[in-house]
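An overview of the molecular structure
For reference, the chains in residue letters:
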Amino acid sequence: QVQLVESGGGLVQAGGSLRLSCAASGRIFSINAMGWYRQAPGKQRELVAAISSGGTTNYADSVKGRFTISRDNAKNTVYLQMNSLKPEDTAVYYCNGDVKRTVLLSPERYWGQGTQVTVSS
């Protein structure tokens, strides 16, 4: 099977920075798009940023200019550099990846277990 494991969450003061990592492992032929979502208490899960296998990126308006998504295809890892953090960025952050397990199979979306990011004012 395929597992995605996030790391790098924690508690930070407003204006600070954090870097999240998400490593995919298991039976992987290739990974198409990878992304980060977040879910705050009482709110729906929302897209934060996404990146294609070729490096094309997409960001939520609320994080443009502050967050940067990147990936290392050789390591099957996606990163989220978060700068100028605000209290409203507090949420559980989830990564996902559209994984082809073999050359013949269609991509399937896998999710990580989530990592908590808390920004204090």
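Residues numbered from 1 in each chain as written. Predicted model: local features only at pLDDT ≥ 70, side-chain atom pairs only at ≥ 80, totals over all residues. Heavy atoms only, no water.

For the rest of this paragraph, the subject is the overall build of the protein. Helix and strand content of the protein: 0 helices and 11 strands. Along the protein, helices (α) and strands (β) appear in the sequence β-β-β-β-β-β-β-β-β-β-β when read from the amino end. Compactness check: the protein gives a C-alpha radius of gyration of 14 Å against a globular reference of 14 Å for 121 residues, within 12% of the reference. C-alpha extents for the protein along the principal axes are approximately 50 × 25 × 25 Å. Taking all 121 residues of the protein together, 42% fall into the buried category. A separation threshold of at least 6 residues defines the contact pool for the protein, and within that pool the share at least 24 residues apart is 56%. Per element, the accessible surface of the protein, about 6,400 Å² overall, is 48% carbon and sulfur. (Helix = DSSP H or I, 4+ residues; strand = E, 2+ residues; numbered from the N terminus. Rg over C-alpha atoms; globule rule 2.2 N^0.38 Å. Buried < 20%, exposed > 50% of the residue type's maximum accessible area, 1.4 Å probe, protein only. Contact = heavy atoms within 4.5 Å. Areas by Shrake-Rupley, 256 points an atom, 1.4 Å probe, with all protein chains shown as cover.)

This brings us to the state of the cysteines. By the definition in use, this model includes 1 disulfide. With a sulfur-sulfur separation of 1.9 Å, Cys22 is cross-linked through a disulfide to Cys95. Residues Cys22 and Cys95 share a disulfide whose torsion about the S-S bond is about 50°; that sign makes it right-handed. Here Cys22, found in strand 3 (residues 18–26), pairs with Cys95, found in strand 9 (residues 91–100); they are 73 residues apart in sequence, far enough to count as distant. (Disulfide = S-S within 2.5 Å.)

On to the nonpolar core. By size, the foremost hydrophobic cluster in this structure holds 30 residues, and its most contacted members are Trp36, Leu80, Met82 and Tyr93. Elements with a contribution of two residues or more to this core: strand 1 (2–7), strand 3, strand 4 (30–39), strand 5 (46–51), strand 7 (67–72), strand 8 (77–82), strand 9 and strand 11 (115–120). In contact with Tyr93, not counting residues within four places along its chain, are Glu6, Leu20, Trp36, Tyr37, Arg38, Val48, Phe67, Leu80, Met82, Gly114, Thr115 and Val117. (Core = buried A, V, L, I, M, F, W, Y, C linked by side-chain atoms within 4.5 Å.)

This next bit is on the sheet that holds strand 1. Pairing between sheet strands relies on hydrogen bonds along the backbone, with the strands arranged either parallel or antiparallel. Taken in spatial order, the 4 strands make up an open sheet running 1-3-8-7, and their pairing is antiparallel. The sheet terminates laterally at strand 1 and strand 7, the two strands that pair on one side only. Here the average twist between neighbouring strands, direction ignored, is 15°. By the bridge criterion, 6 bridges tie strand 1 to strand 3 in an arrangement that is antiparallel. Considered in strand 3, the bridge of Glu6 is made with Cys22. (Pairing = 2+ DSSP bridges. Axes fitted to C-alpha atoms, helices over the stretch in contact; angles between N-to-C directions.)

This part covers a nonpolar patch on the surface. Together, Phe29, Val103 and Leu104 line one region of the surface with nonpolar side chains, adding up to about 370 Å² of accessible area. Within the secondary structure, Leu104 sits in the loop between strand 9 and strand 10 (108–111). (Patch = residues over 30% accessible without salt bridge, like charges linked within 9 Å, V, L, I, M, F, W, Y side chains within 5 Å. Salt bridge = Lys/Arg side-chain N within 4 Å of Asp/Glu carboxyl O.)

Moving on to the environment of Leu85. Along the chain, Leu85 turns up in the loop between strand 8 and strand 9. The exposure class assigned to Leu85 is buried, which follows from its relative accessible area of 2%. Ignoring sequence-local partners within four residues, the contact set of Leu85 consists of Val12, Ala14, Gly15, Gly16, Ser17, Leu18, Arg66, Phe67 and Val119.

In this section: unusual backbone geometry. Although it is not a glycine, Asn76 adopts a positive phi angle of roughly 50°. Looking at the element boundaries, Asn76 is found in the loop between strand 7 and strand 8. Of note, Ser84 is a non-glycine position whose phi angle comes to about 50°, a positive value.

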